[in-house]
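# Architecture at a glance
These are the residues of each chain, in order.
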Amino acid sequence: MADALSEQYEDLLAGSYDCVDRIILNAYFPKGIDGGGFRCWWRALYGSDEDLDNTHLMRLAGRFSRRLRAWAKANHVPVQDCSPGDRKHEVAEEYLATHAVQTGLFLILVARSPAVVWDVQMSGTGKIGNIRKKQPRPYVNHYHFHILDPDWGHITVKMSGHPPFGAQVMLNGHEYVACQARKNGIEFSKQGNCFTDTPDATGLAEVADTLSEQRTAGRLHEVCQRWIYSTCLVFGLDMDEQNRSAFQYQYSIYQIEYSRNFRFHSGAAMEQIFQALIDRTRAPLDLDRIKTIFGNRKRPCRRKLSEGRYGVMVETPAYDLTVFKVHYGRLTLKIYTKGERVLRIEVIVHNSKELSCGRSLPNFSAVVVILRGMLERFLNALYCIDRCFITDDLLDRLPETGQVGKTKVGGIDCNQPRIRVVMHAALALSTAPKGFTASDLARKVKQLNPSAEPPYGPRQAAYDLKKFRGKQLIERIGSSHRYRSPPEGLRAMAGLVLIRDKVIKPLLASCCHRKRGPKPKNTTPLDAHYDRLRGDMHQLFHELGFAA
């Protein structure tokens, strides 16, 4: 792990591990993507397409439901119809906690959601005219098969009852690590999808690292193949029909999460560090809201692992839960606390199309590498803002002309309001996983200063970006039109903003107003520092002849 934030607090950490968290794979039948392929599959299934019409398609969906409910009744597997808004995974977790479950299918939940449904349009002579997908996608029954796998723990297969039986396979990397840790004899305590205690932090981290290997794609394919045909699809197409029509799923990555988990020696120290990090980075990152769920207990300084304890689940948070979240389109960067002493940093891809790379299952390890890079850049950006710094000659060099390639560019005058807003916008975009464009910067500047006249546009942003590049405060990403702040440039911009807004302005304001009202009843250490500085600065100004 090569991020500056973890290196800064490594003396306070009892251990850390990286883990691929939630994984959602799309399972699709390639021939079912277009109308011509769907018609060929139907011919292979029934010998001809004479009966290919909407009525027979609906009969297939009805047969799926009848077979499933009949089998579940005969094998004592509960089938539960869910209402809109029900969280199916939580329902299954509650069932697991209260029932003894063997390996295999243990619960089926039924809910309605949009799906691909084919519409067969007939010509005037009674022949097939056109086969197209219904738009908008209609809401149909989806069947959530909750399965206990020996290697992956609790997995879910969500399948549509309408042909071509599109499906999603939902897995959790922490469940896989827990299963492998038990096999290796590693003790641990687990809260939800997070390991909160272990006497063998190195061993657990090594098991978690196996999810980032190239062969993980093969493991994912294997677990999908193990259940999707014999346990799920068999209600729509029995094994003979699957073989006769050559029905084979292919898999692509839809959603994925990657997390870095820091386990502190002291929960109280973790809470103090996290809250201070939020306070110092909230304004530069332009966060308008941070959610906190208050617990009913204070975090202890230390806690020992009980002997032989595995997989402990906590249903309600006993400690404060603060969520620090930044959204960039379909990407989310997130920091929050778990349990007593774990701080988690997470990158979430809501749709892998956002990554602009291959989404097929063999590319799984490449996607994980991209997510790890995003997470480390996010942590390094937080560190630079949290520990900003400017050199002693920076203020003198900024107004001087700079150079980008062979082009001379103007200097930077921090006294100009526009430059200050641009600097704030660059800081707010510093955590963007893929960098930012001139248009992104212009939109952020307009958001921070909506009353500016004339409105700030992309051309002005491109001009200002060139000036910032001349001072190495911002750099271009390769040959693209995207930009990012290098660590030293980010620390310098954060330092300039901090000194002006949090040091110079407050001190001048307090020194120029000698008559003060009553002191506030609830003061913070920062208030005490400002009060002492005010007195010292007033004497300094007096000696220098500054009329304060």
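Above this text sits the structure in question.
A few points on the structure. (Residues numbered from 1 in each chain as written. Predicted model: local features only at pLDDT ≥ 70, side-chain atom pairs only at ≥ 80, totals over all residues. Heavy atoms only, no water.)

## Brief notes about unusual backbone geometry
Quick reminder of the rule: Comment: elements are numbered from the N terminus, with helices defined as DSSP H or I runs of at least four residues and strands as E runs of at least two.
Here the residue pair P163 and P164 is connected by a cis peptide bond, since its omega of 15 degrees sits within 30 degrees of zero. Secondary-structure assignment places P164 in the loop between β7 (153-160) and β8 (167-172). A cis geometry characterises the amide bond from E453 onward to P454, with omega recorded as -5 degrees. Tracing the backbone shows P454 in the loop between α13 (438-448) and α14 (458-470). Non-glycine residue Q472 carries a positive phi angle of around 60 degrees. In this fold, Q472 is placed in the loop between α14 and β18 (475-476).

## With respect to the nonpolar core
Buried together is how nonpolar side chains tend to be arranged in soluble globular proteins. What counts here: For this analysis, a nonpolar core means a set of buried residues of the types Ala, Val, Leu, Ile, Met, Phe, Trp, Tyr and Cys, connected via side-chain atoms within 4.5 Å. Exposure categories follow from relative accessible area, calculated using a 1.4 Å probe and restricted to protein chains: below 20% of the type maximum is buried, above 50% is exposed, and the middle band is partly exposed. Every residue pair with non-hydrogen atoms within 4.5 Å of one another is taken to be in contact.
By size, the foremost hydrophobic cluster in this structure holds 134 residues, and its most contacted members are F145, M159, I228 and Y249. The element best represented in this core is helix α10 (residues 364-386), accounting for twelve residues. If sequence neighbours within four positions are ignored, F145 has contacts with F64, L68, L105, L107, I108, I155, T156, V157, M159, T231, C232 and F235. If you look at the next biggest cluster of nonpolar residues, it comprises six residues, including C82, F106, L109 and A111.

## What to know about empty space enclosed by the protein
We count it as follows: Grid points spaced at 1 Å over the protein atoms alone were grouped into cavities, where a 1.4 Å probe fits but cannot get out, and pockets, open sets with protein on both sides within 12 Å along at least five of seven lines, with lining residues defined by an atom within 4 Å of a point. Grid points are joined across faces, edges and corners, and a volume is the space filled by probe spheres set on the points. Polarity classes work like this: nonpolar for Ala, Val, Leu, Ile, Met, Phe, Trp, Tyr, Cys and Pro, charged for Asp, Glu, Lys and Arg, and polar for all others, with Gly in that last group.
Counted under the stated rule, the structure contains three cavities of 30 Å³ or more. What the largest cavity holds in volume is close to 90 Å³. Around the largest cavity sit L5, S6, Y9, L13, F262, F264, I273, L277 and L343, which together line it. Broken down by secondary-structure element, the contributors of at least two residues to the lining of the largest cavity are α1 (4-8), β11 (250-264) and α9 (267-281). Tallied by class, the residues present in the lining of the largest cavity amount to eight nonpolar, one polar and no charged. Here the second largest cavity defines a volume of roughly 70 Å³.

## Some details on the packing of α13 against α14
To characterise two packed helices, one gives the angle between the axes of the helices and the distance between these axes. Here is the rule we go by: Axes here mean lines fitted to C-alpha atoms, for a helix over just the part in contact, with angles spanning 0 to 180 degrees between N-to-C directions. Working rule for angles: under 35 degrees goes down as roughly parallel, over 145 as roughly antiparallel, 65 to 115 as roughly perpendicular, anything else as oblique.
Where α13 meets α14, the closest approach of the two axes is 8 Å, and the angle between their N-to-C directions is 105 degrees. With respect to their mutual orientation, α13 and α14 come out roughly perpendicular. Facing α13, whose interface residues are A438, S439, L441 and A442, α14 presents P458, A461, A462 and L465. Looking at side-chain class alone, the contact of α13 with α14 contains seven nonpolar, one polar and no charged residues.

## Observations concerning the pattern of salt bridges
The condition that has to hold: Whenever Lys or Arg places a side-chain nitrogen within 4 Å of a carboxyl oxygen from Asp or Glu, that contact is recorded as a salt bridge.
Per the counting criterion, the structure on display carries 28 salt bridges. Of the charged contacts in the structure, one is a salt bridge between R219 and E213, with a shortest N-O distance of 3.9 Å. You can call E213 partly exposed: its relative accessible area is 28%. A salt bridge links R397 to D393; its shortest N-O distance comes to 3.2 Å. Judged by its relative accessible area of 31%, R397 falls in the partly exposed class.

## Considerations on the pairing of strand β15 (residues 342-349)
The side chains of a regular strand alternate between both faces of the sheet. The criterion, for reference: A pair of strands is considered paired only if DSSP assigns at least 2 bridges between the two.
Counting buried positions over the eight residues of β15 gives eight, a clear majority of the element. A two-sided burial pattern is seen for β15, the buried positions comprising V342, R344, E346 and I348 on one face and L343, I345, V347 and V349 on the other. Looking at chain direction, β11 and β15 are connected through eight bridges and run antiparallel. Note that in β15 the partner of R260 across the bridge is I345. Pairing geometry for strand β14 (residues 331-338) and β15, over eight bridges, is antiparallel. Counterpart to L333 in the pairing with β15 is V347. The turn joining β14 and β15, which pair antiparallel and follow one another in sequence, is formed by three residues; a positive phi near 65 degrees is taken by G339.

## Looking at the packing of α9 against α10
Closest axis-to-axis distance for the α9/α10 pair is 9 Å, and the angle between their directions is 75 degrees. The angle between α9 and α10 falls in the class roughly perpendicular. Residues L277, R280 and T281 of α9 pack against L382, I385 and D386 of α10.

## Quick word on helix α6 (residues 201-209)
Residues G203, L204, A205, V207 and A208 constitute the buried set of α6. Along its buried surface, α6 packs onto β1 (13-28), α5 (173-183) and β10 (194-197).

## Observations concerning the packing of aromatic side chains
Rules: Two rings belonging to Phe, Tyr or Trp (six-membered ring only in the last case) form a pair when the distance between their centres is within 6.5 Å. Interplanar angles under 30 degrees mark stacking, angles over 60 mark edge-to-face geometry, and anything in between is tilted. The criterion for a charge sitting over a ring is simple: Lys NZ or Arg CZ within 6 Å of the ring centre, and within 35 degrees of the ring normal.
Counted according to the given criterion, the structure contains 19 aromatic pairs. Each ring, one from W71 and one from F235, has its centre 5.8 Å from the other, and the planes form 65 degrees; the classification is edge-to-face. Residue W71 is found in helix α3 (residues 54-75), and its partner F235 is found in the loop between α7 (216-232) and α8 (239-244); the two are separated by 164 residues along the sequence. The buried category is assigned to F235, whose relative accessible area is 6%. The cationic tip of K334 hangs over the ring face of Y336; the distance from NZ or CZ to the ring centre is 4.8 Å.

## Re the environment of Q214
Defined as follows: Polar contact is defined as a pair of N or O atoms within 3.5 Å, subject to the rule that within protein one atom must be able to donate a hydrogen and the other to accept it, and that residues adjacent in sequence are counted only when both atoms are side-chain atoms.
Among the secondary structure elements, Q214 is positioned in the loop between α6 and α7. Linking Q214 and V368, residues 154 residues apart in sequence, is a C-alpha distance of 9.8 Å. Look past the residues within four positions of Q214 in its chain and what remains in contact with it is P362 and S365. One polar contact links Q214 to S365, side chain to side chain, over a distance of 2.7 Å.

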